[in-house]
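Listed below, chain by chain, are the residues.
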Amino acid sequence: MNQKTLQNCGKCGLCLNACPVYKILKEEQASPRARLQLIKAFEEDRLLSSPLLKEIISKCLMCGSCTGACPSGIDHYSQFMEMRQKMAKDHVENPMVKSMIWLLSQEYRTRLGAKMAKLGQKLVPERFKEKYGLGNIPLKRLPEFNITPFREAAEETISHGSKPAGTIVYFTGCATNYLYDDTGFSTLRILEHMGYRVIIPKKQTCCGIPLLFHGAQKAAKNNIVTNINALDLDAADTILVDCATCGTALKHEYPLFTETLGLDKTKVEKIASKVEDIMSFIQKRFHLLSFTKDSIEKVKATYHIPCHLKNSFGSHEQAQTLLNRLPCIVYSPADNADQCCGGGGSFFYEYPEISKQMVTKKIEGVKATLADIWLTDCPVCRMNLAGNMEEKNELQVVHPVKVIAPFLN
Amino acid sequence: MLDIKIKNQLIEVVGQNRYLDRKEELACFSYDAFIKEAMPDAVVFVQTADEVARILKVASEHKVPVTGRGAGTSVCGAPIPVKNGIVLCFSKMDKIIEINTADRYIVVEPGVVNADIQNALAPSGFFYPPDPGSMNTSTIGGNIAQNAGGPRCLKYGVTMDYILGMEVVLASGKIVKFGSKNIKDVTGYKLCSLFCGSEGTLGLVTQVILKVLPIPETVKTMLVTFGKLDHTARAVSDIIGSGILPAAMELMDKMTVNAIEDSSHLGLDRKAEGTLLIEIDGVKEACEKEMDNIIERVKKQGALDIQYAQTPEDRERLWTARRSAYGVFAKLAPDILSEDVTVPVSKVPVMIKRINKIGERHGLKIGVLAHAGDGNMHPLIPADRNNKEEWVRVEKAFDEIFHAAAELDGTLSGEHGIGLAKSDYLPLVMNKDTIELMSRIKHAVDPDNILNPGKFV
Ligand SMILES: Cc1cc2nc3c(=O)[nH]c(=O)nc-3n(C[C@H](O)[C@H](O)[C@H](O)COP(=O)(O)OP(=O)(O)OC[C@H]3O[C@@H](n4cnc5c(N)ncnc54)[C@H](O)[C@@H]3O)c2cc1C
Ligand code: SF4
Ligand code: SF4
């Protein structure tokens, strides 16, 4: 462990109120500063590994907001990630998490799991759907699985004309593939409109981040190597992600774990340098879009900024500029647009009580905007927000590409 | 470890969920932003005055030390439980009870974060002036216990000047209340000023009435650079002496400006010995007049360059340098020590020069920030506590800085407090009888010395 970065925490406490978990619990032991101090105590053998230590380290959304507030430039994310690996080695995960690791570590299992779940969704009687769920989210409010996984439904290479504007390699993540193919098809529509050639490598798989959060390094390595091989295409000008969290994996996590996992450094760096999130991608190339001339009835839209978009990509300003420029919506920002929704990968089902309080606050903030539609470019946030909305004032939650694609010429 | 009997009594008060005593959790309450650490035996989170009273009754019955804690941002070790015992944490006791802008007061619980008060007041056009650098995290209880200040306290005064009344639980568990919702109140001793700044050694604050003010209509900000430190100081004296009272007057010395430039290239003048950030606020016309007046004066005193903020973004940009200073120094070494000796305004340049000399003598990089208008200096020393040899030099440097301040009619702390950091130096600025008077007061309200023991009294 890097002693230097560890000790650089001056314990000033400025990260406390940046941390969504601390803000809810108001307990030092739930703060970024405490996690760092405990890691340090563990590294210096003043504190032994224990299930409680593991829990304190895991009670974290891995959102990176603490880093933004830290005057000492601590890289919390890397330190937490390394500590999670150590804790996972020493102490067993709960069965829920274990089965998730099993599922995500092999593409065919994920595919099968999705199919089974789809079947399951049909078979479960309505009254059970009310009762059971995932974390805070009742079963009936979980998204329906795609009928056919997106990557099976879409062509692997899509060319438009002989002189494409460039070549995009599209990393779809699990969510677009299995849950939200509307995001995938809308993205394709936009890229086609802009005149790009698109490659959706069939071999890509789960980015591996959820696995790494839970210390499943070996399983994660398999996924990561598969992805590196699938994405490292010389033809690619840009590797596009529609989810900032998957993007964070490609941009930060893979480089971070290059040494530990023995990855191909050159390839990893090349991929990292090409990754772009879809919001800033479109914003930067806005001139390539032409919207229909028909009079469009504008809908009032609001936006949830995914933590990883803000903290890893720093694209939240770009994203909002884009929303302000769209002719099809009136963008009405919520006061708490940049507050974490409490989704945090698997946080929402590991710590449902904390997550629930966070998402409830989010929903209150959004109600005040009187928006008809809630946009967000992270599928976990989307699932969490949509899943926690009360039935009566239902806001539709969708990926921003969904309000762009239909209005293109 | 607490006796099981005491533990059960405490759990009876706050419940299992708000009582901690496992090592991993206790470790999180062993520190603040100071260097030292000490483990408590138990941590309790309180939510009402009644709970605090009951806990203190248990503690005084068994003579167990109790140390209050807000957010743990103290830089002098004030909330570190050096004598172990119970850490009584106020972070969950964080309700804003009443906002009354018509009568210009608010009533809050001690765990409310300073910035949350500002956010709650802003929609009605009011603010709470004390603005410590830690305001996004630190609690009102901690601010009161340390009598916190900040940049705009030059014009507006410190925490003490905003306390109208409080509710305090004494070591015995008795709940006392003094002050009122009235700006004018000379009923009995002004006890608020005794408890404010007492660093949790006299009683635990469970509710406060704070004075609030309307947000000024206009703010004007400028950044002025001077070739010579003396010119900077003359400009400060000239402005203050002329009757203008800026909301803030922040000085950065050459070392600080260069450290900031090394890391973030803001385009500051590296050769300037003094860089002054001046902010005035008030009615628009008055601000404009004062601004012209200030410009005239700084020019007369030899200002090399003056930048004005035209927009809120400009203002942010000008403040960026000042705000980033702490972080810049914090990144230079594993530890950062921030001091806050204070000297009369006219002695600021002498003090800065002495600090520079002390730094040179001990081979340390010391940057100096100062709230120049009120003489409150912040020498920042990046260091590594594991480097024994360097640490000895650091301690010597601090020793000399305290002596220098005392010689210049200054004082040990302008806002951070004494805590563990400076208790040995009290005799520099207080005679024996005065220190004894404090001990007597302490003994009268806390005869068993259970409240935050091991600190300056
Ligand atoms: C980066 C940084 C910048 C800072 N800038 C400033 C600044 O500009 N100005 C300034 O004045 N200080 C500053 N400080 C110091 C610190 O933030 C203040 O002293 C602050 O008031 C402490 O508040 P807290 O809630 O963190 O209290 P803590 O650190 O938790 O406790 C401080 C003291 O208050 C006592 N206490 C807490 N709650 C209560 C209560 N309810 N009743 C009785 N006693 C109680 C504790 O026992 C302890 O003695 C800064 C600190 C940092 C790390
Ligand atoms: S990553 Fe997010 S949840 Fe975790 S400590 Fe940092 S701010 Fe808190
Ligand atoms: S903000 Fe940075 S230096 Fe301060 S306590 Fe948090 S991690 Fe440590």
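Residues numbered from 1 in each chain as written. Chains lettered and ligands numbered in written order. Predicted model: local features only at pLDDT ≥ 70, side-chain atom pairs only at ≥ 80, totals over all residues. Heavy atoms only, no water.

All right, on to the overall build of chain A then. Helices and strands together make up the secondary structure of chain A, namely 22 helices and 11 strands. Within the span of chain A, comprising 409 residues, buried residues form 61% of the whole. Within chain A, contacts between residues separated by at least 24 positions form 77% of all contacts whose residues are at least 6 apart in sequence. (Helix = DSSP H or I, 4+ residues; strand = E, 2+ residues; numbered from the N terminus. Buried < 20%, exposed > 50% of the residue type's maximum accessible area, 1.4 Å probe, protein only. Contact = heavy atoms within 4.5 Å.)

This part is about the pattern of salt bridges. Applying the stated criterion across every chain, the model contains 43 salt bridges over all chains. The salt bridge involving A:Arg33 is made with A:Glu28; its shortest N-O contact spans 2.8 Å. In this structure A:Glu28 comes out as buried when scored by relative accessible area, which is 4%. With a closest N to O distance of 3.6 Å, B:Arg69 and A:Glu28 form a salt bridge. A residue pair is termed interchain when its members come from two chains, as with B:Arg69 in strand β3 (residues 66-69) and A:Glu28 in the loop between α2 (20-25) and α3 (32-43). Shared partners join several salt bridges into a network, and the residues in it are A:Glu28, A:Arg33 and B:Arg69. (Salt bridge = Lys/Arg side-chain N within 4 Å of Asp/Glu carboxyl O.)

Around ligand 1 lies a shell of 35 residues, among which B:Gly68, B:Thr73, B:Ser134, B:Thr139 and B:Gly149 are the nearest. Flanking ligand 1 are residues from chains A and B. Separating an oxygen atom of ligand 1 from a side-chain N or O atom of B:Thr139 is a distance of 2.6 Å. Here B:Glu199 contributes a backbone N or O atom positioned 3.1 Å from an oxygen atom of ligand 1. When isolated, ligand 1 has an accessible area of 980 Å², and the protein chains bury 96% of it. A total of five residues in the shell around ligand 1 trace back to one element, the largest contributor, which is helix α5 (residues 140-146) of chain B. Each of domain 1 (4-89) and domain 2 (96-214) of chain B gives at least three residues to the shell around ligand 1. (Near = heavy atom within 4 Å. Polar contact = N/O pair within 3.5 Å; in protein donor to acceptor, adjacent residues only side chain to side chain. Areas by Shrake-Rupley, 256 points an atom, 1.4 Å probe, with all protein chains shown as cover. Domains from an automatic or database assignment.)

All names here are of chain A. Around ligand 2, a shell composed of 13 residues is seen, among which Cys19, Cys60, Leu61, Cys63 and Cys66 lie nearest. Of all the secondary structure elements, the ones that give two or more residues to the shell around ligand 2 are α2, α3 and α5 (65-69). Considered class by class, the residues forming the shell around ligand 2 number 10 nonpolar, two polar and one charged. (Nonpolar A, V, L, I, M, F, W, Y, C, P; charged D, E, K, R; others polar.)

What follows deals with the environment of B:Val212. All names here are of chain B. Residue placement: Val212 occurs in the loop between β10 (204-211) and β11 (213-214). Here the alpha-carbon distance between Val212 and Val341, two residues 129 residues apart in the chain, equals 28 Å. Once you skip the residues sitting within four places of it in the chain, Val212 turns out to touch Arg104, Tyr105, Ile106, Leu121, Phe126 and Phe127.

It is worth spelling out helix α13 (residues 388-407) of chain B at this point. Residue and element names in this part refer to chain B. The end-to-end C-alpha distance of α13 is 29 Å, a good match for the 28 Å that 20 residues give at a rise of 1.5 Å each. Every buried residue of α13 is listed here: Glu390, Trp391, Val394, Ala397, Phe398, Ile401, Phe402, Ala404 and Ala405. With its buried residues spanning 160° around the axis, α13 presents them on a single face. In α13, the exposed residues that point more than 90 degrees away from the buried face are Lys388 and Glu407. Within two residues after α13, Asp409 carries a phi angle of roughly 65°, on the positive side. (Expected span 1.5 Å × (residues − 1). Arc of directions from axis to C-beta.)

Opposite the 40 residues of chain B that make contact, chain A presents 30 residues. Summing both partners gives a buried area of about 2,700 Å² for chain B against chain A, and 49% of it is carried by carbon and sulfur. When the buried area of chain B at its contact with chain A is split by residue, B:Glu24, B:Tyr31 and B:Pro334 rank highest and sum to 22% of it. Counting across the chain B and chain A interface gives four salt bridges. A salt bridge links A:Glu27 to B:Lys92, with the shortest nitrogen-to-oxygen separation between them at 2.8 Å. Classifying every residue of the side of chain B that touches chain A by side-chain character gives 16 nonpolar, nine polar and 15 charged. (Buried area = accessible area lost by both parts, 1.4 Å probe.)

A separate point is the domain arrangement of chain B. Domains assigned within chain B are domain 1 (4-89), domain 2 (96-214) and domain 3 (218-407). Put simply, the middle of domain 1 of chain B and the middle of domain 3 of chain B, counted by C-alpha atoms, are 38 Å apart.

Residues and elements named next belong to chain B. Of note in the backbone geometry, Asn147 takes a positive phi value of approximately 45° without being a glycine. Structurally, Asn147 can be placed in the loop between α5 and α6 (153-156). Its relative accessible area of 22% is what places Asn147 among the partly exposed residues. In the Ramachandran plot, Asn449 falls in the positive-phi region, its phi being about 50° despite a non-glycine side chain. Positionally, Asn449 belongs in the segment after α15 (432-445). Accessibility expressed as a relative area gives 34% for Asn449, which makes it partly exposed.

What follows concerns the environment of B:Gly133. All names here are of chain B. Secondary-structure assignment places Gly133 in the loop between β7 (126-127) and α5. Judged by its relative accessible area of 75%, Gly133 falls in the exposed class. Residues Gly133 and Ala148, spaced 15 residues apart in sequence, show a C-alpha to C-alpha distance of 9.6 Å.

Here the focus is the nonpolar core. Among the nonpolar cores identified, the biggest contains 118 residues, and A:Ile282, A:Leu326 and A:Ile404 are the most heavily contacted of them. Residues contacting A:Ile404, with those up to four places away along its chain left out, are A:Ile190, A:Ile282, A:Leu289, A:Phe291, A:Leu322 and A:Leu326. Counting residues in each nonpolar core, the second largest holds 55 residues, with B:Ala38, B:Val224, B:Phe226 and B:Ile418 among its members. (Core = buried A, V, L, I, M, F, W, Y, C linked by side-chain atoms within 4.5 Å.)

With that out of the way, let us pick up the confidence of the model for chain B. Per-residue confidence for chain B averages 95 on the pLDDT scale, and 100% of its residues sit at or above 70. As a predicted assembly, this complex carries a pTM of 0.89 together with an ipTM value of 0.94. (pLDDT = per-residue confidence, 0-100.)

The next thing to look at is the packing of helix α1 (residues 4-14) of chain B against helix α3 (residues 49-62) of chain B. All names here are of chain B. The N-to-C vectors of α1 and α3 enclose an angle of 170°; their axes lie 9 Å apart at closest approach. Put simply, α1 runs roughly antiparallel to α3. In contact with Lys5, Ile6, Gln9, Leu10, Glu12, Val13 and Val14 of α1, α3 contributes Glu51, Arg54, Ile55, Val58, Glu61 and His62. Classifying every residue of the contact of α1 with α3 gives six nonpolar, two polar and five charged. (Axes fitted to C-alpha atoms, helices over the stretch in contact; angles between N-to-C directions. Parallel < 35°, antiparallel > 145°, perpendicular 65-115°, else oblique.)

Glancing now at α3(B). In a regular helix each residue adds 1.5 Å, so 14 residues correspond to 20 Å; α3(B) covers 20 Å between its end C-alpha atoms and thus fits that length. The set of residues buried in α3(B) consists of B:Ala49, B:Glu51, B:Val52, B:Ala53, B:Ile55, B:Leu56, B:Val58, B:Ala59 and B:Ser60.

Looking now at the packing of aromatic side chains. The geometry of an aromatic ring pair is captured by two quantities: the separation of the ring centres and the angle between the planes. Overall, the coordinates contain 11 aromatic pairs over all chains when judged by the stated rule. Relative to B:Tyr162, the ring of B:Tyr128 has its centre 6.0 Å away and its plane inclined at 80°; by these criteria the two rings are edge-to-face. Taken as a pair, B:Tyr128 in the loop between β7 and α5 and B:Tyr162 in the loop between α6 and β8 (163-169) lie far apart in primary sequence, 34 residues in all. You can call B:Tyr128 buried: its relative accessible area is 0%. The rings of A:Phe150, A:Tyr170 and A:Phe185 are connected pair by pair, giving a single aromatic cluster. The ring of B:Tyr31 is capped by B:Arg69, whose NZ or CZ atom sits 5.8 Å from the centre of that ring. The lysine or arginine in question, B:Lys92, covers the ring of B:Phe45, its NZ or CZ lying 5.1 Å from the ring centre. (Phe/Tyr/Trp six-rings, centres within 6.5 Å; stacked < 30°, edge-to-face > 60°. Lys NZ or Arg CZ within 6 Å of the ring centre and 35° of its normal.)

Turning our attention to the side chain of A:Ser72. Along the chain, the position of A:Ser72 falls in the loop between α5 and α6 (76-90). You can call A:Ser72 buried: its relative accessible area is 6%. Excluding residues within four positions of it along the chain, A:Ser72 makes contact with A:Asn8, A:Gly10, B:Ala330 and B:Lys331.

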